[in-house]
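Architecture at a glance
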Amino acid sequence: DVAECTMQPVRRYDLDAAILFSDILVIVEALNIEVTMPGGVGILVPQPLKSPRDMNKRVPFDEVEQDAAAFVQDKLSHVFKSVTLIRTKMAEEQKSIPLIGFSAAPWTLLFYMVGGSSRKNNDAGTTWLQKHPEASKRLLDTLTKIVIEYTSAQVEAGAHMLQIFEAMGMMIDEDNFYEFAMPCLEQIATELKARYPNVPLMVFSRGASFANEKLSALGYDVVTIDGDVDRSTARATMADRAGLQGNYDPKELILMDADGKVVHTPETVRKSAKKLLVDLGPQRLIANLGEGLGGKESPMLVNAFVNAIHEESEKICKIIVIVRDLERRCNSV
């Protein structure tokens, strides 16, 4: 149940937002490509696209070209119904926080469609791009149209914010990223901002932090940074173009090591959470993880992280206000 899974974290923790709990590959399934999650082996596409001819035979390009919005409503209406239901539940339970909608980005979708696995055939995506550049661009163009309509429909259903998730950014080199992935991300930002100028738009290119500076200039309000990003240069990279989200290490939330020894506590979590705030500054920052939770994290330490962020950021912000007030007084003398 998408609505129930979305609501559970905001019931358990004092979070500042909820995020739509929907799989990143629902768009792939909407395009008649089977997706399975057998457990323990990652996401699988049992019958990936074999060639441009196979792609043209299996992917319903004509339907999308004719009316992408109608295609999305027909194939993915269950997601939008869930968004509306989540908003209803949030109101009933008095959760006055934003709901974040999201979608996988086109390159990530293509990666799974031609590679078939998140853990094998890691070079299949870039190999496809190089062997079939025109077919790749056709598929990416179609995926971009769908992502735009998919996220637009989430806004219409009640989502307050959107995140575009390039989950497989680590599986594409810089040159191919700029040739194939970046134009899609730019088109998505341009169109969504034209349609919904007041809806905050976030982008996360996981494992491709080299693109963050250019992404910040495309119209995204927030650039999410993974754990590999150097905090000392993160703000300078974005300048004043975009805020930041991330990049706390979720390993800090694992209570015990493999030998059963306690390695992290609420106190160590508070210390590392405070360091995140000091390193990046608490303003125009969404304190979040640099990677998703992997399943070994302690709920107690997750709660400690959430509470520490709230409490420590408030302290730092008060200090900033005092310092700025003193500076203003000094300058007026």
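Residues numbered from 1 in each chain as written. Predicted model: local features only at pLDDT ≥ 70, side-chain atom pairs only at ≥ 80, totals over all residues. Heavy atoms only, no water.

What follows concerns the pairing of strand β2 (residues 99-104). In terms of burial, β2 is largely enclosed, as 6 of its 6 residues are buried. Every second residue of β2 is oriented toward a common face, with Leu99, Gly101 and Ser103 on one face and Ile100, Phe102 and Ala104 on the other, all of them buried. Here 2 bridges tie strand β1 (residues 18-19) to β2, and the two strands are oriented parallel to one another. Opposite Ala18, over in β2, you have Leu99 as the bridge partner. Direction of pairing for β2 relative to strand β3 (residues 161-166): parallel, over a ladder of 5 bridges. Bridge pairing in β3 places Ser103 opposite Ile164. (Buried < 20%, exposed > 50% of the residue type's maximum accessible area, 1.4 Å probe, protein only. Helix = DSSP H or I, 4+ residues; strand = E, 2+ residues; numbered from the N terminus. Pairing = 2+ DSSP bridges.)

With that settled, the discussion passes to the packing of aromatic side chains. Enumeration over the complete set of coordinates arrives at 8 aromatic pairs. Consider the rings of Phe177 and Phe210, whose centres lie 5.5 Å apart with planes at 85°: the pair is edge-to-face. On the criterion of sequence distance, the pair formed by Phe177 in helix α9 (residues 174-195) and Phe210 in the loop between β4 (201-205) and α10 (212-215) is long-range, its members being 33 residues apart. For Phe177, a relative accessible area of 0% corresponds to the buried category. (Phe/Tyr/Trp six-rings, centres within 6.5 Å; stacked < 30°, edge-to-face > 60°.)

Before going further, it helps to spend a moment on the pattern of salt bridges. Evaluated as defined, the whole model comprises 18 salt bridges. Put simply, Glu65 and Lys145 hold a salt bridge, and the shortest N to O gap is 3.9 Å. Residue Glu65 is located in helix α4 (residues 61-66), and its partner Lys145 is located in helix α8 (residues 133-157); the two are separated by 80 residues in the primary sequence. Residue classification places Lys145 among the partly exposed residues on the basis of a relative accessible area of 24%. (Salt bridge = Lys/Arg side-chain N within 4 Å of Asp/Glu carboxyl O.)

What follows concerns the side chain of Asp226. Structurally, Asp226 can be placed in the loop between β5 (222-225) and α11 (231-238). Arg206 is the oppositely charged side chain nearest to the buried, salt-bridge-free Asp226, at an N-O distance of 6.9 Å. Looking at Asp226, its side chain comes within polar contact range of the main-chain nitrogen of Gly207, at 2.8 Å. Excluding residues that lie within four positions of it along the chain, Asp226 makes contacts with Phe204, Ser205, Arg206, Gly207, Ala208, Asn247, Gly290 and Glu291. (Lys, Arg positive; Asp, Glu negative; His and termini not counted. Polar contact = N/O pair within 3.5 Å; in protein donor to acceptor, adjacent residues only side chain to side chain. Contact = heavy atoms within 4.5 Å.)

Read from one edge of the open sheet, 7 strands run β1-β2-β3-β4-β5-β6-β7, paired in parallel fashion. Each of the sheet's edge strands pairs with one partner strand only, and the pair in question is β1 and β7 (285-289). α9 rests against β3 and β4 of the sheet, and its axis sits at about 170° to β3. (Axes fitted to C-alpha atoms, helices over the stretch in contact; angles between N-to-C directions.)

Before going further, it helps to spend a moment on helix α1 (residues 2-12). Buried within α1 are the following residues: Ala3, Thr6, Met7 and Val10. Projected onto a plane normal to the axis of α1, the buried residues spread over an arc of 90° and lie on a single side. Check the buried side of α1 and you find it contacts β1, α5 (68-92) and β2. The distance from a side-chain oxygen at the start of α1 to the backbone nitrogen of Ala3 is 3.0 Å, and the residue carrying that oxygen is Asp1. (Arc of directions from axis to C-beta.)

Right, let's talk about α11 for a bit. Residues of α11 that are buried: Arg231, Ala234 and Met238. Take α11 and look down its axis: the buried residues cluster within an arc of 25°, on one side only. Seen from the buried face of α11, the exposed residues on the opposite side, beyond 90 degrees, are Ser232 and Ala236. Considering only its buried residues, α11 is in contact with α10, β5, β6 (243-248) and α12 (266-280). Downstream of α11 by one or two residues, Ala239 has phi in the positive range, about 55°.

Turning our attention to the packing of helix α6 (residues 106-115) against α8. Two elements in contact, α6 and α8, have axes separated by 9 Å at closest approach and are oriented at 125°. By the criterion of interaxial angle, the relationship of α6 to α8 is oblique. As α6 packs across α8, the resulting crossing turns out to be right-handed. Touching Pro106, Trp107, Leu109, Leu110 and Met113 of α6 are Ser136, Leu139, Leu140, Leu143, Thr144 and Val147, all from α8. Its residues placed into classes, the contact of α6 with α8 shows 9 nonpolar, 2 polar and no charged. (Parallel < 35°, antiparallel > 145°, perpendicular 65-115°, else oblique. Left-handed = near helix turned anticlockwise from the far one by under 90°. Nonpolar A, V, L, I, M, F, W, Y, C, P; charged D, E, K, R; others polar.)

Another point: unusual backbone geometry. Gly246 connects to Asn247 through a cis peptide bond whose omega is -15°. Residue placement: Asn247 occurs in strand β6. Despite not being glycine, Asn32 shows a phi value in the positive range, around 70°. Topologically, Asn32 is positioned in the loop between α2 (26-30) and α3 (52-58). Phi angles above zero are rare outside glycine, and Ala239 is one such case at about 55°. With respect to the element layout, Ala239 can be found in the loop between α11 and β6. Overall, Ala239 belongs to the partly exposed group, its relative accessible area being 38%.

Interpretation note: all reported values are geometric properties and have no functional meaning in isolation.
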